[in-house]
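This is what each chain is made of:
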Amino acid sequence: MELNRLQRSFLEYTAALFREGFLDSQFSQLYQLQDESNPEFVVEVVSLFFDDSERLINDLSRALDQTNVDFKKIDAHVHQLKGSSSSIGAQRVKNSCVSFRNFCEVQNIEGCLSCLQQVQQEYLLIKNKLEALFQLEKQIVAAGGAINTVEWML
């Protein structure tokens, strides 16, 4: 019974992440690449995203704090963050990066600072939500179950 409850919670939580725009179909495609030979694939890829994102956000914060702001450098960092968030399906982070790049293009420091806060907020939200999702997945596996990705991709 516990296993059924955990699996139902996983499905409902995942559906909410898609419905609320935190994730897009790229996340589903990422899960399709996971199999018995590499059961931690998604967790590993997302962990790399977390590490990379934190480094990029810190780099952006430092770059925007300079006296002479290098908007090309900032745009390059935002472009990289947009790409990595897109590759795991972190839709709201990706969308925040699109706005951020627009402000870089017109060299609007206030807009960039505002977008940095938005990116930081969206990143922390998706990080917390994915960590909770992975914790649920661990509980399911510990209870002898598995994640049926076909169910939540339909």
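The rules behind the values
- Residues numbered from 1 in each chain as written.
- Predicted model: local features only at pLDDT ≥ 70, side-chain atom pairs only at ≥ 80, totals over all residues.
- Heavy atoms only, no water.
- Helix = DSSP H or I, 4+ residues; strand = E, 2+ residues; numbered from the N terminus.
- Expected span 1.5 Å × (residues − 1).
- Buried < 20%, exposed > 50% of the residue type's maximum accessible area, 1.4 Å probe, protein only.
- Arc of directions from axis to C-beta.
- Core = buried A, V, L, I, M, F, W, Y, C linked by side-chain atoms within 4.5 Å.
- Contact = heavy atoms within 4.5 Å.
- Axes fitted to C-alpha atoms, helices over the stretch in contact; angles between N-to-C directions.
- Parallel < 35°, antiparallel > 145°, perpendicular 65-115°, else oblique.
- Nonpolar A, V, L, I, M, F, W, Y, C, P; charged D, E, K, R; others polar.
- UniProt positions renumbered as here; feature names shortened; annotations may be inferred.
- Salt bridge = Lys/Arg side-chain N within 4 Å of Asp/Glu carboxyl O.

1. Some thoughts on helix α1 (residues 2-19)
- Look at α1: 25 Å from first C-alpha to last across 18 residues, which is about the 26 Å you get at 1.5 Å a residue.
- For α1, the set of buried residues is Leu6, Phe10, Thr14, Ala16 and Leu17. In a view along the axis of α1, the buried residues occupy a sector of 160°, so they form one face of it. Within α1, the exposed residues directed more than 90 degrees away from the buried face are Glu12 and Arg19.

2. Re the nonpolar core
- Of all hydrophobic cores here, the largest spans 39 residues; its most connected members are Phe27, Val46, Ile74, Phe100, Ile126 and Leu130.
- Looking at this core, the elements that each hand over two or more residues are α1, α2 (25-32), α3 (41-64), α4 (71-88), α5 (91-105) and α6 (109-142).
- When residues of this core are assigned to their parent elements, the largest contribution, 11 residues, is made by α6.
- The contact partners of Ile74, leaving out residues within four places of it in the chain, are Leu60, Ala63, Leu64, Val69, Phe100 and Cys104.

3. Some remarks on the packing of α5 against α6
- Running from N to C, α5 and α6 point in directions that differ by 170°, and their axes come no closer than 9 Å. In terms of orientation, α5 and α6 fall into the roughly antiparallel class. Of α6, the residues touching α5 (which contributes Arg92, Val93, Ser96, Cys97, Ser99, Phe100, Phe103 and Cys104) are Gly111, Cys112, Cys115, Leu116, Gln118, Val119, Glu122, Tyr123, Leu125 and Ile126.
- Looking at side-chain class alone, the contact of α5 with α6 contains 12 nonpolar, four polar and two charged residues.

4. Digging into the UniProt feature "domain: HPt" (unreviewed entry) in the protein
- In the numbering used here, UniProt assigns the feature "domain: HPt" (unreviewed entry) to residues 38-143.
- Across residues 38-143, helical content stands at 86% and strand content at 0%; the span's end C-alpha atoms are separated by 19 Å.

5. Observations regarding the pattern of salt bridges
- According to the stated counting rule, one finds eight salt bridges in the structure shown.
- Of the charged contacts in the structure, one is a salt bridge between Glu54 and Lys127, with a shortest N-O distance of 2.8 Å. With a gap of 73 residues between them, Glu54 in helix α3 and Lys127 in helix α6 connect regions that are remote in the sequence.
- A relative accessible area of 31% means that Glu54 is categorised as partly exposed.
- A residue is classified by how much of its surface remains accessible, and Lys127, at 19% relative accessible area, is buried.
- Note that Asp59 is salt-bridged to Arg62, the shortest N-O span being 2.5 Å. One end of the pair, Asp59, and the other, Arg62, are both in helix α3, three residues apart, so they sit about a helical turn from each other.
- Through salt bridges with shared partners, a single ionic network connects Asp52, Arg55, Asp59 and Arg62.

6. Notes on the environment of Gln32
- Take Gln32: it is sitting in helix α2.
- The sequence separation of Gln32 and Val42 amounts to 10 residues, and the corresponding C-alpha distance is 9.3 Å.

7. Examining the environment of Ile126
- Structurally, Ile126 can be placed in helix α6.
- On the accessibility criterion, Ile126 (2% relative accessible area) is buried.
- Distance in space between the C-alpha atoms of Ile126 and Glu2 is 26 Å, their sequence separation being 124 residues.
- Among residues more than four places away in sequence, those in contact with Ile126 are Phe22, Leu23, Phe49, Ala90 and Val93.

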